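Breakdown of the fold
Here is how the chains run, residue by residue.
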Amino acid sequence: MLQLKNITKDYKLGDEKIHALRGVSIDFRESEFVSILGQSGCGKTTLLNIIGGLDRYTEGDLIIGGKSTKEFKSSDWDTYRNHSIGFVFQSYNLIPHQTVLSNVELALTLSGVSKAERRKRAKEALEKVGLGDQLKKKPNQMSGGQMQRVAIARALVNDPDILLADEPTGALDSETSLQIMELLKEISKDKLIIMVTHNPDLAEQYSNRIIRLLDGKVIDDTNPYDRNVVELIGKKAEEKKQKKQKKPSMSYLTALSLSLNNLMTKKGRTFMTSFAGSIGIIGIALILAISSGAQMYIKSVEEETLASYPIMIESSAMDMTSMMTSMMKDNENGDEADDDKVHSNNIMGNMVNAMLTQLQSNDLKSFKNYLENGGTEINDYVSDIKYSYSTPLNIFRKDEDKGIIQVNPAQLFEEMGMTNAMYNSQLMSNVVSSSYDVWRELLDNDRLNSEQYKVLAGRMPEAYNEVVVMVNKHNEISDYGLYCLGLMDSDELIEAVKNALSNDGEEVDFKSEEQEYTYDELMSLEFRLVINSDFYSKENGVWVDKSDDKIYMTSVVENAVPIKVVGVIKPEENSIMSSSSTSVIGYTHALTEYLVNKVNESEVVKEQIASPDTDIFTGKEFRKTDEEPKKLTMDDLKAYIATLPAEQQAEIYEKLQQAQQMGMTEEQIAEAFSKQFGSTDSDATYDGNLTKLGVASLDEPSRISIYPKDFDSKEKIEEIINDYNEKVKSEGNENLKIEYTDVVGLMMSSVSTIIDAISVILIAFVAISLVVSSIMIGIITYISVLERTKEIGILRAMGASKRDVSRVFNAETLIIGFVAGAIGIGVTLLLLIPANAIVYSLTGISGLCVLPWQGALILVAISMMLTLIAGLIPSHYAAKKDPVLALRSE
C-alpha cells in the first residue's frame, strides 16, 4: 500500500545543508497502528509531512498503491491528501470561525460531495467519536479532548486510507489521552495509522508496530513488513484508489462561506473597511444620479415640448455649424510673425468658399411629391405636414384714430427703430421675420386641433376668410400681440424706446396698463386681406409701388377681402402644441392657398409673366446673365435730359457745367449721372420681380414643416428623410438631397454633451478615492492572510489546492467589495432625498437627482471588481505559502 524507498530530505540554511532524513526505507501494511518514536529533531514530523504530501522529499521515492510519486504534480498531491490522507494534529488545527459540523464537512466539500451527503457523513463521523450532540458549537466552546475528537472526525470523514497523527495527545491530560488512544486503536483495525509521539508508554500499549528514528535514520522497527506482499496489497489499494479519481476543488460558494464566516468574526473592522471603500462609490453614485437625472429631465423636456416643434426644411439651408468650424480653423492656422510688423490675415476667400459650400438649395417640389406619393408611410408618424410659401400675408385693420394699420407682418419693431439692430444677426432676422408675427397658420388637421385646443367662444374656422383669436392657458394675450393688432396704443411705447435708443440704450421705463376684453369684443374684430399685387398700380405704362401712398392704400384696404373672427381658443391642459407668446390670430391653410392663387391670377403678375424680358416696374429690358451693364454716354445723358421739364433741365445743365469746371471728363460725368438716373437697362431680374410680387406655386413650397406625433416619431421622420437622400443619391441625383438643421435638438444635444463631459471629469477625480480605498482593501486582505495562515495550512492538509486557497481570499475581497458597493448605494439613496428637496426649492424641478438601477448595479460590480483586483496579490501570496510552515504558525 505505502512504501518509502531511500527517502532523503535536505534543507538549506544559508550555505549549510541540513540532512533531516537519510535514506529512510519503510513498507507499511494496509491496516496497522504504527508509532514513530525518537528525540526532538530526529526527523519524525518531517517524515510524517512527506508521507502526508505536505512536504517533498529530496531523493528516493514514495510509492502509493504501487505507483511512484516522482512525477506527481501539485494537483496530484492535492488529490492524494484529500482522498487518501487524514491529519490529526497536536494543536487540533480547527478553523475557529466554523462550527464543529462545518469543520468536519470541509474535507468532503473539497471532494465535491453533495450538501446532503456530506452533512450525513459528517454527522456519522462526529457520532463515531462521541460528539453527535455538539454539531453547532464553535471550537472555542469545547474542551481540548472534544476538539481533538473533532479533528479525528474530520480526518475520518472522507474515508482516507491513511491517518497521520502528530502528537495527538500532547496537549491533553492523561485520562483524555487514553480515550483518544483507544479511539485511534479502534480505527486502526480498518486503516493505516501512523502516529508521531514522545510517549513510549502509549506507543507500547496501543501500537502494534514501533519505528525508532535517530538523526534521520531508522534504527529499529519492531514489526517490519515483508516487501514480497507489497504488490498484492498495492493492487487492493489501487482498486480502492480507482474509485477516487476526482480531483478536489473548492466551490465558490464554499469559499464565500469560509470568508463570510471569517469576516463576521471581525464585524467592526469589516464594516469600517467596507465603509471606507464605499466613499468613492458614494461620490460617483451622486454624480451619476445628478447627471442621469439631468439627462432624464432633458429627455422629458424633449418628449413633452420639442416633439411639438416641427422639423423645418427651408428651400435654402446652410450648415452653420460646419461653416463656423471651417472659419475657426482658418483663424487658428498660421505662424506667428517675428519681424515686428503687422500682417494681413487672408480669410475672406476661405470664408466666401465656406459660405458657398455650406449653402444648400433644397428641391422642396421633389421632396413634397415624395412625401405625398412616395409610399413613405410618413402619415403614421406626423400630426400634420404644413407647406409654407413665400407669398406674404398682408393683413390690415381699420382704426378710427390712425386710419389703416398693418397688423401682419408685424411693424412694431420697425416703428420703434429697432429693426436694424435686430437684423444684425441671422438668428434675430429670422426671429423678427417669422417668430414675431402675430398671425399663425393652424394645423390642417381638424381632429388634432379639436384635441389640442379648447373653444372658449364661437367655433373653429372653416372658410379661408375665417380666423380665431388664440389665448394662452391662462386666458392671456401678450401686450406685444395687442400692440400689433392695434388694440392697444403703441405711441407711448414707441416714444419710450426711441428715447432709450437715443440715450445709449438705457433701460426703458415703461409698463403697459392691463387690459381686459370680452369674448364678444374679440369676436367683433374684422381684418382685411391685401393681396401683395394690390400694392402696385399701373402708371405711364409701368407698375408703381403705392404702398406708401396712404390715400391709395386706404382705398385698397377698403375694397380688400374681409377676414372675420369666428372664435376664441386656448390650448388644452395637456396640449403638446408649442405655445407661442406672440401668436394671437390663427388661420387655416385654405387662406394660404387662396392668397397664392389670387396673387398668381393678378393682372400685374400676368403681365410680368407675359413679358419675361422686360421689367414691368421700369419698362426696361432685363440684363442678360452674361451681359455687362450698359454704360451711359454723354449723348444718352443729353437725350434723357431733353425729355425732362424745362426747370429740371436747367438745374441739371447747371450741375453739368460745375462738373466740367472741376475738370471731370465726359466719361466721369456720364458715370456720375448714371448712378443718379440709372442706366438704360434694368438691374432687376425676372425671378426677382416674381418674388417681389409674391408669386408662388402650390407644388413648390418655400418651407415644409413636419409635426411629429411624439419624440419617437420624430426619429422615424428623420429616418424617412435620410432614406430619401439615399434614394436620390443612388439614382445619381445628389443635388436633390435634403439638408436641414434641427436647431432645438442640436442645442439640447450640446447641453447633454456638456453634462456628460462634466460628469466624466468629476468621476475621474472621485475615482482617485476608489483607487486609494482599493489599495487599503489590498492591505487589509494581506493582514487577513497573515491572520489566517494556520487556516491556509489546514486547507492544504485536507487537499485544498493553491487555487482553492487563492479563491478563499478572492471571495473575501468580493464580499468586502459587495458590502462597500451596497453601503455606497444605500448612503447615496439617502442623500438624494435632501438633495432633491434642495434642488426643488431652488429650481422648482422635482426629482432631478435620480440614480438609475442599472448604474447602481454597475457601481456595485465595479466595487467588487476593484476589490478583487486589489486582493489578487495577497491571495497569490496566500496560495504560495508552505503548508508545513503555515501549520506551525500561531
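Refer to the structure above for everything that follows.
Residues numbered from 1 in each chain as written. Predicted model: local features only at pLDDT ≥ 70, side-chain atom pairs only at ≥ 80, totals over all residues. Heavy atoms only, no water.

1. Quick word on the overall build of the protein
The helix and strand tally for the protein stands at 34 helices and 25 strands. Within the span of the protein, comprising 890 residues, buried residues form 45% of the whole. Contacts in the protein between residues at least 24 apart in sequence constitute 79% of all its contacts with a sequence separation of at least 6. (Helix = DSSP H or I, 4+ residues; strand = E, 2+ residues; numbered from the N terminus. Buried < 20%, exposed > 50% of the residue type's maximum accessible area, 1.4 Å probe, protein only. Contact = heavy atoms within 4.5 Å.)

2. Looking at the packing of aromatic side chains
We describe a pair of aromatic rings using the distance from one ring centre to the other and the angle between the two ring planes. If you walk through the whole model with that rule in mind, you get 13 aromatic pairs. Note on Trp439 and Phe527: the rings are 5.2 Å apart at their centroids and 85 degrees apart in plane angle, and the pair reads as edge-to-face. Of this pair, Trp439 sits in strand β17 (residues 439-441) while Phe527 sits in strand β20 (residues 526-530), and the two are 88 residues apart along the sequence. Taken as a pair, Trp439 and Phe527 share a single burial class, namely buried. Feature note: the residues Phe72, Trp77 and Tyr80 constitute an aromatic cluster, connected by ring pairs. Sitting over the ring of Tyr387, Lys368 keeps its end group 4.8 Å from the ring centre. Directly above the aromatic system of Tyr552 lies the positively charged group of Lys546, at a separation of 5.9 Å from the ring centroid. (Phe/Tyr/Trp six-rings, centres within 6.5 Å; stacked < 30°, edge-to-face > 60°. Lys NZ or Arg CZ within 6 Å of the ring centre and 35° of its normal.)

3. Describing the sheet that holds strand β6 (residues 85-89)
With mixed pairing, the 6 strands of this open sheet are ordered in space as β6-β7-β8-β3-β9-β10. The sheet is open, and its two borders are formed by β6 and β10 (217-221), each paired with just one other strand. Each neighbouring strand pair of the sheet contributes to a mean axis angle of 20 degrees, computed without reference to strand direction. Strand direction decides the pairing type here: β6 and strand β7 (residues 162-166), joined by 5 bridges, are parallel. Looking across to β7, one finds that Val88 is bridged to Ala165. Contacts between helix α6 (residues 174-187) and the sheet are confined to β3 (32-37), β7 and β8 (192-196), with β8 contributing the most and set at about 145 degrees to the helix. (Pairing = 2+ DSSP bridges. Axes fitted to C-alpha atoms, helices over the stretch in contact; angles between N-to-C directions.)

4. Examining empty space enclosed by the protein
All chains considered together, the criterion is met by 4 cavities of 30 Å³ or more. Of the volumes computed, that of the largest cavity is approximately 110 Å³. For the largest cavity, the lining is made up of 13 residues, of which Ile85, Gly86, Phe87, Arg154 and Met798 are closest to its centre. Sorting the residues of the lining of the largest cavity by element identifies α2 (74-84), β6, α5 (144-156) and α30 (789-797) as the ones contributing at least two each. The element contributing the most residues to the lining of the largest cavity is β6, with 4 residues. For the lining of the largest cavity, a count of residues per class yields 8 nonpolar, 3 polar and 2 charged. Its boundaries defined by the atoms lining it, the second largest cavity holds a volume of some 50 Å³. As for the second largest cavity, its lining consists of Leu263, Arg269, Thr270, Thr273, Ile780, Glu812 and Ile816. For the lining of the second largest cavity, the secondary-structure elements that each account for two or more residues are α10 (267-304) and α31 (802-843). (1 Å grid on protein atoms, 1.4 Å probe; cavity = no way out; pocket = protein on both sides within 12 Å on 5 of 7 lines; lining within 4 Å. Points joined across faces, edges and corners; volume = space filled by probe spheres on them. Nonpolar A, V, L, I, M, F, W, Y, C, P; charged D, E, K, R; others polar.)

5. Observations concerning the sheet that holds strand β14 (residues 382-388)
What the 3 strands build is an open sheet, ordered β11-β25-β14; its pairing is antiparallel. Here the strands that pair on one side only, and so sit at the sheet edges, are β11 (311-314) and β14. Each adjacent strand pair in this sheet contributes to an overall mean axis angle of 10 degrees, direction not counted. Sheet analysis places β14 next to strand β25 (residues 703-708), joined by 6 bridges and oriented antiparallel. Paired with Ser388 across the two strands is Arg703, which belongs to β25.

6. Here's the deal with the pairing of strand β1 (residues 2-13)
Pairing analysis gives 5 bridges linking β1 to strand β4 (residues 59-64), with the strands arranged antiparallel. Looking across to β4, one finds that Gln3 is bridged to Ile63. In terms of strand pairing, β1 meets strand β2 (residues 16-28) through 9 bridges, oriented antiparallel. Bridging across to β2, Lys12 finds its partner in Lys17. Between β1 and β2, which follow one another and run antiparallel, lie 2 residues, and Gly14 among them has a positive phi close to 70 degrees.

7. Some details on the layout of surface pockets
Roughly 1000 Å³ of volume is contained in the second largest pocket. Residue lining of the second largest pocket: 35 residues in total, with Ile404, Ile405, Gln406, Gln411 and Glu415 positioned closest to the centre. The set of elements that each furnish at least two residues to the lining of the second largest pocket consists of β15 (394-399), β16 (403-408), α14 (412-416), α18 (479-485), α19 (491-502) and α21 (550-558). Looking at side-chain class alone, the lining of the second largest pocket contains 15 nonpolar, 8 polar and 12 charged residues.

8. With respect to the packing of α31 against helix α32 (residues 853-870)
Relative orientation of the contacting elements α31 and α32 amounts to 145 degrees, with a least axis distance of 7 Å. Seen along the crossing, α31 lies across α32 with a hand that is right-handed. Facing α31, whose interface residues are Asn810, Thr813, Leu814, Gly817, Phe818, Ala820, Gly821, Ala822 and Ile825, α32 presents Ala856, Leu859, Val860, Ser863, Met864, Thr867 and Leu868. Classifying every residue of the contact of α31 with α32 by side-chain character gives 10 nonpolar, 6 polar and no charged. (Left-handed = near helix turned anticlockwise from the far one by under 90°.)

9. Side note on helix α3 (residues 100-111)
Extensive coverage of α3 is indicated by the burial of 11 of its 12 residues. When we look at burial in α3, the residues that qualify are Val100, Leu101, Asn103, Val104, Glu105, Leu106, Ala107, Leu108, Thr109, Leu110 and Ser111. Lining the buried residues of α3 we find α2, α4 (115-128), α5, α9 (252-264), α30 and α31.

10. Some thoughts on α4
Look at α4: 20 Å from first C-alpha to last across 14 residues, which is about the 20 Å you get at 1.5 Å a residue. All of the buried residues in α4 are Arg118, Ala122, Ala125 and Leu126. Around the axis of α4, the buried residues are gathered within 95 degrees of arc, so they sit on the same side. Of the exposed residues in α4, those oriented more than 90 degrees away from the buried face are Ala116, Glu127 and Lys128. (Expected span 1.5 Å × (residues − 1). Arc of directions from axis to C-beta.)

11. Here we look at the packing of α32 against helix α33 (residues 872-879)
Look at α32 against α33: their axes get within 4 Å of each other, and the N-to-C directions meet at 45 degrees. Our classification of the angle between α32 and α33 gives oblique. Only Leu872, Ile873 and Pro874 of α33 make contact with α32, whose side of the interface consists of Leu868, Ile869 and Ala870. Tallied by class, residues from the contact of α32 with α33 come to 6 nonpolar, no polar and no charged. (Parallel < 35°, antiparallel > 145°, perpendicular 65-115°, else oblique.)

12. A look at the pattern of salt bridges
Following the criterion strictly, the structure yields 28 salt bridges and no others. The salt bridge involving Arg397 is made with Asp399; its shortest N-O contact spans 4.0 Å. Take Arg397 and Asp399: they sit in the same class, and that class is buried. Here Glu607 makes a salt bridge to Lys538, at a shortest N to O gap of 3.1 Å. One end of the pair, Glu607, is in helix α23 (residues 603-610); the other, Lys538, is in strand β21 (residues 536-539), with 69 residues separating them in the sequence. Here the salt bridges share partners, and the residues they tie into one network are Arg29, Glu32, Arg209 and Asp221. (Salt bridge = Lys/Arg side-chain N within 4 Å of Asp/Glu carboxyl O.)

13. Regarding unusual backbone geometry
Of the consecutive residues Asn408 and Pro409, the connecting peptide bond is found in the cis state with omega at -5 degrees. Tracing the backbone shows Pro409 in the loop between β16 and α14. Phi at Asn6 takes a positive value of approximately 50 degrees, unusual for a residue other than glycine. Looking at the element boundaries, Asn6 is found in strand β1.

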